[in-house]
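So the chains spell out like this:
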Amino acid sequence: MNTKKWIALSMAVTTLMTGTMVFAEENAPASAEDMIIEVPSNNPDIMLIDAVGEEMPIAEEPAAINGGMVEGVIAKEGLFPVRQIAEGLGYTVNWDGEARRVELFRGAHYITMDIDVDAYTFARRAPEALGTAPVIIEDRTYVPRRFVEEYLGAYIFDQGEDLYNVAQPAVVTISGVEEDGALLVEDEARGEVLVRIGEDTEILAGGEVADAAALEVGMTVSVIYGSQMTMSIPPQTVAVKIIIG
């Protein structure tokens, strides 16, 4: 998206907050197309209009974010809403209407995709085909499950009837190992958490399957928590996956 569009979008956000008419920067051409239309701040279904008159759909209704879990994701035709999930996992999502391109940013992560093109890019890597192109359904961009799991590094919990929760791994430090093998971990967002290892818990080290005996106090690991966590002190859950290193 070019600089003028970014400025226009920023002005549109100001319009939402103040309810006033805003104009493009002083050195931009003075024409009706260069005005940002006034939009009421209490209308949840508004469309922002950028400096070239292009419609920019607002974000999907935000999911409930619960400790790294994006809840209430509705899939359509086996595909997942990329903005809702990515923003819930901390990404900034941009839409380039002219190129029909979605861009995702988070720290050093930079991901792009073009609508109806099965070619996804991550940072400077060559585009990769995932078997399904991103598509627009009801004015929202949807992507295949592989994109959510491989590019966003998230885990998808099936709740039934096309309803899903999506979780990203938490980077934690193991502070203790219980007699039954459960791990006490220090989670920056949650504090101390008791992580139990179940029969279906997957443990990986260097991409290879590892044994629970490889988990030691002081080790930093990535944990995908189960979809349920108790309200106890400390909270308890069963790990879906633990990644060493």
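Cut-offs used in this document
Residues numbered from 1 in each chain as written. Predicted model: local features only at pLDDT ≥ 70, side-chain atom pairs only at ≥ 80, totals over all residues. Heavy atoms only, no water. Helix = DSSP H or I, 4+ residues; strand = E, 2+ residues; numbered from the N terminus. Buried < 20%, exposed > 50% of the residue type's maximum accessible area, 1.4 Å probe, protein only. Areas by Shrake-Rupley, 256 points an atom, 1.4 Å probe, with all protein chains shown as cover. Pairing = 2+ DSSP bridges. Core = buried A, V, L, I, M, F, W, Y, C linked by side-chain atoms within 4.5 Å. Contact = heavy atoms within 4.5 Å. Salt bridge = Lys/Arg side-chain N within 4 Å of Asp/Glu carboxyl O. Phe/Tyr/Trp six-rings, centres within 6.5 Å; stacked < 30°, edge-to-face > 60°. Patch = residues over 30% accessible without salt bridge, like charges linked within 9 Å, V, L, I, M, F, W, Y side chains within 5 Å. Lys, Arg positive; Asp, Glu negative; His and termini not counted. Charge placed at Lys NZ, Arg CZ, Asp CG, Glu CD.

Peer 1: Is there a simple way to explain the overall build of the protein chain in this structure?
Peer 2: For the protein chain, the helix and strand inventory stands at 3 helices and 22 strands. Looking at the protein chain as a whole, 40% of its 245 residues qualify as buried. Just so you have it, the protein chain exposes about 13400 Å², and 51% of that area is on carbon and sulfur atoms.

Peer 1: Help me out: how do you make sense of the pairing of strand E9 (residues 101–106) in this one?
Peer 2: Residues in a regular strand project their side chains so that they alternate between the two faces of the sheet. Alignment of strand E8 (residues 92–96) against E9, held across 5 bridges, turns out to be antiparallel. Bridge pairing links Asp 96 to Arg 101 in E9. Linking E8 back to E9 in an antiparallel pair, the connection comprises 4 residues, with Arg 100 at a positive phi of about 55°. With 6 bridges joining them, E9 and strand E10 (residues 109–114) adopt antiparallel strand pairing. Within E10, the position partnered with Arg 106 by the bridge is His 109. The turn joining E9 and E10, which pair antiparallel and follow one another in sequence, is formed by 2 residues; a positive phi near 60° is taken by Gly 107.

Peer 1: What should I look at first to understand the nonpolar core in this one?
Peer 2: Among soluble globular proteins, nonpolar side chains are generally buried collectively. Residues Leu 104 and Phe 147 are the most contacted members of the largest nonpolar core, which totals 28 residues. Secondary-structure elements contributing two or more residues to this core are strand E6 (69–74), helix H2 (82–88), E8, E9, E10, strand E11 (120–122), helix H3 (145–151) and strand E15 (163–167). Non-local contacts of Leu 104, meaning those with residues more than four positions away in its chain, are made with Val 82, Ala 86, Tyr 91, Thr 92, Val 93, His 109, Tyr 110, Ile 111, Met 113, Phe 147 and Leu 152. Of all hydrophobic cores here, the second largest spans 16 residues; its members include Ala 170, Ile 174, Tyr 225 and Ile 244.

Peer 1: What is the right way to look at unusual backbone geometry in this model?
Peer 2: It is generally the case that most residues other than glycine have a negative phi and that most peptide bonds are trans. Cis geometry marks the peptide bond from Ile 233 to Pro 234; its omega dihedral reads -5°. The topology assignment puts Pro 234 in the loop between strand E21 (220–225) and strand E22 (236–244). In this structure, Glu 138 takes a positive phi of about 50° despite not being glycine. One can find Glu 138 in the loop between strand E12 (135–137) and strand E13 (140–143). A residue is classified by how much of its surface remains accessible, and Glu 138, at 61% relative accessible area, is exposed. You will see that Asp 139, though not glycine, has its phi angle at about 65°, which is positive. With respect to the helices and strands, the residue Asp 139 is situated in the loop between E12 and E13.

Peer 1: How should the pattern of salt bridges be read in this particular structure?
Peer 2: Side chains that differ in sign of charge can pair as their charged atoms come close. In the structure shown here, the tally under the stated rule is 10 salt bridges. A salt bridge links Glu 202 to Lys 241; its shortest N-O distance comes to 3.8 Å. Note that Glu 202 is positioned in strand E19 (residues 202–205) and Lys 241 in strand E22, a separation of 39 residues in sequence. A residue is classified by how much of its surface remains accessible, and Glu 202, at 34% relative accessible area, is partly exposed. The structure contains a network of salt bridges with shared partners spanning Glu 128, Arg 146 and Glu 150.

Peer 1: Hey, could you run me through the sheet that holds strand E7 (residues 80–81) in this one?
Peer 2: Sheets are built from strands paired through backbone hydrogen bonds, the pairs being either parallel or antiparallel. With respect to topology, 3 strands assemble into an open sheet ordered E7-E13-E12, the strand pairing being antiparallel. Of all strands in the sheet, those bounded by a partner on one side alone are E7 and E12. Two elements, E7 and E13, share 2 bridges in a ladder whose sense is antiparallel. From the neighbouring strand, Phe 80 faces E13, where its bridge partner is Val 143.

Peer 1: Could you clarify how one ought to interpret the packing of aromatic side chains in this entry?
Peer 2: Aromatic rings considered in pairs are described by the distance between their centres and by the relative angle of their planes. Tallied over the entire structure, the rule returns 7 aromatic pairs. When the ring of Tyr 120 is compared with that of Tyr 151, the centres are 6.1 Å apart and the planes differ by 55°; the resulting orientation is tilted. Of this pair, Tyr 120 sits in strand E11 while Tyr 151 sits in helix H3; the two residues are 31 residues apart in sequence, bridging distant segments of the chain. Judged by relative accessible area, Tyr 120 falls into the buried class, the value being 0%. Ring geometry for Phe 122 versus Tyr 151: centroids 6.2 Å apart, planes at 70°, classification edge-to-face. Linking Phe 122 in strand E11 with Tyr 151 in helix H3, this pair joins segments that are 29 residues apart in sequence.

Peer 1: Can you help me understand a negative patch on the surface in this one?
Peer 2: Side chains of Glu 178, Glu 179, Glu 186 and Glu 192 sit close together on the surface and give a patch of like negative charge. Structurally, Glu 192 is set in strand E18 (residues 191–196). For Glu 192, a relative accessible area of 34% translates into the label partly exposed.

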